[in-house]
Amino acid sequence: MEILDKYFEILKQLNRYERREAQEQMVAKVSKSFAERETLVIEAGTGSGKSFGYLIPALFEKIRHTGGNKPKPLVISTATIALQEQLLEKDIPFLAKAAGLEDLEVKLVKGRGNYLCIQKLTELERQIKPNSSEMLHLNYLKGELGRGWDGDLANLELSIPNELWKEVRSDSEDCLGRRCRFYDQNPYRKAREDLDQADILVANHALYLQDLSASQSLLPPHDRVVFDEAHQLKHWALSAFTIRIGKFATQKLLQKIHRRLQPLPEHFHHLIADSEAAIFEWLFRSENSVFRLYPDELFLYLIQKHIQVLQDLEQWLAGMDVKQLSLIRPDLIESDLDLDKARVQREKLKQQLQGLIARWEFFLEEDPFAKHRVNWVEVDRERLYYELKSTPLNIAEMMGTQLWQQKTAVLTSATLAVNHKLEFVRKDLGIGEEAADLVLPSPFRYEDQCVLYLPSM
């Protein structure tokens, strides 16, 4: 088999190379799945060398396309930073060199919130006091930009307070796209363009499944994905498809509107503060910190009242004069281009209001299991905080239609099988009968190589 010939050629360059039959079987099976565009679920025991098992077939695909049209990137999704570091710093560099692919482009994919929004930075700069600690941090960020910083939070030498970073980080809700005067400097856009040139993208399950729930707008187009540490996939899928709304969600949107408008009617602040306080009081009647939401008439009335205030705010925003928006400068809008930006910003704010209303409407159901979801609450009495959550009871159908039917996927882990069979995980994740599967043993001889110590009682 051609792929195994390449496998042996590459692995012989590894110091103290020892044959692993499970790894060889995995290489052959993954290569077949890539070629036939089928989903593969494969458990390979500890020590099998799973990363080589899927990376070598991926590199073989790259070799076969050398000189032709560049294929879409392979995405590798992991659950832990440790595995990402192993892939980026050790496994992929070694295999690429051994395979003669020194030009292999490999990129780590980070969420949008890891990058600075320069527009938000300039807005916040106008809002805070000149001698405050926040201004010192903003001046530091501006200085780093001037020295060539790429806008990635991880690449700063000094730590930025989390609450401040939340105010200046990039997000899709506020982005003006090409209409933003900082478009050419946009750190997230530049990072995103780099991803389009990659052969392999390394991401995590949280980001990949957020991309899936966001209509695949975060990652470049791709048709092959490997989920390593796939035993954690369901947890992150449930998290990605959970609807959340917390105590400060509405207040934060009000602050955002107030920052861009001159002026925001004061009565909206009072109405929303009162309605949120009433919801807060209802939720804190329970002595539990986590509980299923069983709404009564009062709760439904409070949510409806809160939604009505938000709808009134949306109508006010839709009817306002866009010249009241202070997008770039606190002075008057002077050009048609400024007016166009103002209209886009107003639409962005309206969309965020509509999204907030839609999230609150999830909790108007009397049945906590309505729409095949479960509604529940987390409260923190020390912080005087609450968060409402609506989680799907079953993700199998969503995963089946949105992922497995659309991509060539390989799921691998040392712990996927139940009683040496993979039916449970396949059913749990909505993987159809047409998918292939394989259970491979660990090369370790636990009976001979392990010792179990038990403390005396």
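Residues numbered from 1 in each chain as written. Predicted model: local features only at pLDDT ≥ 70, side-chain atom pairs only at ≥ 80, totals over all residues. Heavy atoms only, no water.

Regarding the sheet that holds strand β5 (residues 224-228)
Reasoning step 1: Pairing is parallel in the open sheet, where seven strands are placed in the order β3-β4-β2-β5-β10-β1-β11. Taken across any chain shown, the strands that pair with only one partner, and hence form the sheet edges, are β3 (106-108) and β11 (436-440). Strand-to-strand twist in this sheet, taken as the mean axis angle between neighbours without regard to direction, amounts to 15 degrees.
Reasoning step 2: When strand β2 (residues 74-78) meets β5, the two strands line up parallel, connected through four bridges. Paired with L74 across the strands is R224, a residue of β5.
Reasoning step 3: Sheet strands touched by helix α9 (residues 205-213): β2, β4 (200-204) and β5. Its angle to β4, the strand with the most contacts, is close to 95 degrees. (Pairing = 2+ DSSP bridges. Helix = DSSP H or I, 4+ residues; strand = E, 2+ residues; numbered from the N terminus. Axes fitted to C-alpha atoms, helices over the stretch in contact; angles between N-to-C directions. Contact = heavy atoms within 4.5 Å.)

Comments concerning a nonpolar patch on the surface
Reasoning step 1: A cluster of nonpolar side chains, Y294, F369 and L393, forms an exposed patch at the surface whose accessible area comes to about 310 Å².
Reasoning step 2: On the secondary structure map, Y294 appears in the loop between β7 (290-292) and α13 (297-319). (Patch = residues over 30% accessible without salt bridge, like charges linked within 9 Å, V, L, I, M, F, W, Y side chains within 5 Å. Areas by Shrake-Rupley, 256 points an atom, 1.4 Å probe, with all protein chains shown as cover. Salt bridge = Lys/Arg side-chain N within 4 Å of Asp/Glu carboxyl O.)

Examining the pairing of strand β8 (residues 373-380)
Reasoning step 1: Across three bridges, the pairing between β7 and β8 is antiparallel. Pairing of V290 across the sheet is with E378, part of β8.
Reasoning step 2: Taken together, the eight bridges between β8 and strand β9 (residues 385-392) define a ladder with antiparallel strand orientation. Paired with R373 across the bridge in β9 is P392.
Reasoning step 3: Between β8 and the antiparallel strand that follows it, β9, lie four residues; L384 among them carries a positive phi value of about 50 degrees.

Here's the deal with helix α4 (residues 81-98)
Reasoning step 1: With 18 residues, α4 ought to run about 26 Å at 1.5 Å a step, and its terminal C-alpha atoms sit 25 Å apart, in line with that.
Reasoning step 2: The largest bend along α4 reaches roughly 45 degrees and is located at L87.
Reasoning step 3: Buried within α4 are the following residues: L83, Q84, L87, D91, I92, L95, A96 and A98. (Expected span 1.5 Å × (residues − 1). Bend = angle between axes of the 7 residues up to and from the residue. Buried < 20%, exposed > 50% of the residue type's maximum accessible area, 1.4 Å probe, protein only.)

Notes on a negative patch on the surface
Reasoning step 1: A surface patch of negative charge is lined by E102, D103, E105 and D194.
Reasoning step 2: Residue placement: E105 occurs in the loop between α4 and β3. (Lys, Arg positive; Asp, Glu negative; His and termini not counted. Charge placed at Lys NZ, Arg CZ, Asp CG, Glu CD.)

Quick word on the packing of aromatic side chains
Reasoning step 1: Under the counting rule described, the total for this entry stands at 11 aromatic pairs.
Reasoning step 2: Here F227 and W404 contribute two aromatic rings whose centre-to-centre distance is 6.0 Å and whose plane-to-plane angle is 85 degrees, an arrangement assigned as edge-to-face. Here W404 lies in helix α15 (residues 396-404) and F227 lies in strand β5, a separation of 177 residues in the sequence. Across the pair, W404 and F227 agree in class, each one buried.
Reasoning step 3: Linked through ring pairs, Y208, F227 and W404 together constitute an aromatic cluster.
Reasoning step 4: Taking the ring centre of F34 as reference, the NZ or CZ of R224 above it sits at 5.1 Å. (Phe/Tyr/Trp six-rings, centres within 6.5 Å; stacked < 30°, edge-to-face > 60°. Lys NZ or Arg CZ within 6 Å of the ring centre and 35° of its normal.)

A look at the packing of helix α12 (residues 266-283) against α13
Reasoning step 1: Put simply, α12 and α13 touch, their axes get as near as 10 Å, and they point 160 degrees apart. In terms of orientation, α12 lies roughly antiparallel with respect to α13. The chirality of how α12 crosses α13 is left-handed. When α12 is examined against α13, the residues F268, L271, I272, S275, E276, A278, I279, W282 and L283 are found in contact with a partner set consisting of L298, F299, L302, I303, H306, V309, L310, D312, L313 and W316.
Reasoning step 2: Residue composition of the contact of α12 with α13, by class: 15 nonpolar, two polar and two charged. (Parallel < 35°, antiparallel > 145°, perpendicular 65-115°, else oblique. Left-handed = near helix turned anticlockwise from the far one by under 90°. Nonpolar A, V, L, I, M, F, W, Y, C, P; charged D, E, K, R; others polar.)

Topic: the nonpolar core
Reasoning step 1: Judged by nonpolar contacts, the single largest core of 36 residues is most densely connected at Y54, L55, I56, I76, L87 and I200.
Reasoning step 2: Of all the elements in the fold, those that place two or more residues in this core are α1 (2-11), α2 (21-36), β1 (40-44), α3 (50-65), β2, α4, β4 and β11.
Reasoning step 3: The greatest single-element share of this core, amounting to seven residues, is contributed by α3.
Reasoning step 4: Ignoring any residue separated from it by four or fewer positions in sequence, one finds L55 in contact with I76, L87, D91, I92, L95 and I200.
Reasoning step 5: Counting 35 residues, the second-largest nonpolar core is a separate cluster that includes L253, F291, L317 and L349. (Core = buried A, V, L, I, M, F, W, Y, C linked by side-chain atoms within 4.5 Å.)

Let's talk about the pattern of salt bridges
Opposite charge on two side chains lets them pair, provided their charged atoms get close.
Reasoning step 1: On inspection of all chains with the given rule, the structure shows 21 salt bridges.
Reasoning step 2: A salt bridge links D296 to R285, with the nearest nitrogen and oxygen atoms 3.1 Å apart. Separated by 11 residues along the polypeptide, D296 in the loop between β7 and α13 and R285 in the loop between α12 and β7 bring together distant segments of the chain.
Reasoning step 3: Overall, the relative accessible area of 29% leaves D296 in the partly exposed class.
Reasoning step 4: Among the charged side chains, a salt-bridge network with shared partners connects K32, E36 and E38.

Points about the packing of helix α5 (residues 118-127) against helix α6 (residues 133-146)
Reasoning step 1: Across the interface, α5 lies against α6 with an axial gap of 11 Å and an inter-helix angle of 145 degrees. Here the hand of the crossing between α5 and α6 comes out left-handed. When α5 is examined against α6, the residues I118, L121, L124 and E125 are found in contact with a partner set consisting of M135, L138, N139, L141, K142 and L145.
Reasoning step 2: By residue class, the composition of the contact of α5 with α6 is seven nonpolar, one polar and two charged.

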